[in-house]
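The residues making up each chain are set out below.
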Amino acid sequence: MSNADLQGKRPLSPHLQIYKPILTMVMSILHRITGAALYVGTIFLAWWLIAAAAGPAYFDVANAVYGSIIGRIILFGFTWALVHHMLGGLRHFIWDMGAGFGREAREWLAKATIIGSISLTIILWIIGFAVS
């Protein structure tokens, strides 16, 4: 049989519609989403730094955008994405060290990443408002 004949008879790989979502799968997808969000957020960070270098008038415009309700929501989301992605990276580092592969350990690490990222983001924002 030719290679083309075999490809037509091979079963298709299961997709997200077939698998029941489990926490570690959701965390993997969320890790990728937060990575993309950090890419976009870094562009906004660069814009803020460029505004600071451009002079006080332009910097005031950038601060007005980031100081608005929508701007603060975006900054809060960026902070959460940064912390969540970092904790997800630490979770992967633990796996790279050969630990945390058991079912209970995987579930615990996933839950710790979610709880930790939300908690640390809130703590960072409380500290930020207290200092300013």
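It should be noted that the structure appears before, not after, this text.
Rules used in this analysis
Here the residue index of a chain counts from 1 through its sequence in written order. Per-residue local features are limited, in this predicted model, to residues with pLDDT of at least 70; the limit for side-chain atom pairs, both in listing and counting, is 80 or more; totals at the level of whole chains, interfaces and linings are taken over all residues. Only hydrogens and water are set aside when side-chain values are computed; all heavy atoms of the structure are taken into account. Only the six-membered ring of Trp is used, alongside the rings of Phe and Tyr, when aromatic pairs are assigned; centres must lie within 6.5 Å, and planes under 30 degrees apart are stacked while those over 60 apart are edge-to-face, with the rest tilted. The secondary structure listing takes helices from DSSP runs of H or I that are at least 4 residues long and strands from runs of E that are at least 2 residues long, numbered from the N terminus. Given the number of residues in a helix, its expected span is that number minus one, multiplied by 1.5 Å. In what follows, a contact means two residues having at least one pair of non-hydrogen atoms within 4.5 Å.

Details of the packing of aromatic side chains
Aromatic rings in a pair are described by how distant their centres are and how their planes are angled relative to each other. Applying the stated criterion across every chain yields a total of six aromatic pairs. The interplanar angle of 20° and the centroid separation of 6.4 Å between the aromatic rings of Trp95 and Phe101 together place this pair among those described as stacked. When the centroid spacing of 5.7 Å and the interplanar angle of 55° are considered together, the rings of Trp125 and Phe129 count as tilted. One end of the pair is Trp125 and the other is Phe129, both in helix H5 (residues 103-131) and four residues apart, which spans about a single turn. Taken together, the ring pairs in this structure connect Trp47, Tyr58 and Tyr66 into an aromatic cluster.

What to know about helix H4 (residues 69-96)
When the terminal C-alpha atoms of H4 are compared, their 40 Å separation across 28 residues agrees well with the 40 Å that a helix rising 1.5 Å per residue should span. Residues of H4 that are buried in the fold lie against helix H2 (23-54), helix H3 (56-67) and H5. Count one or two residues on from H4 and you reach Gly98, which has phi positive near 90°.

These figures come from the coordinates and say nothing about function on their own.
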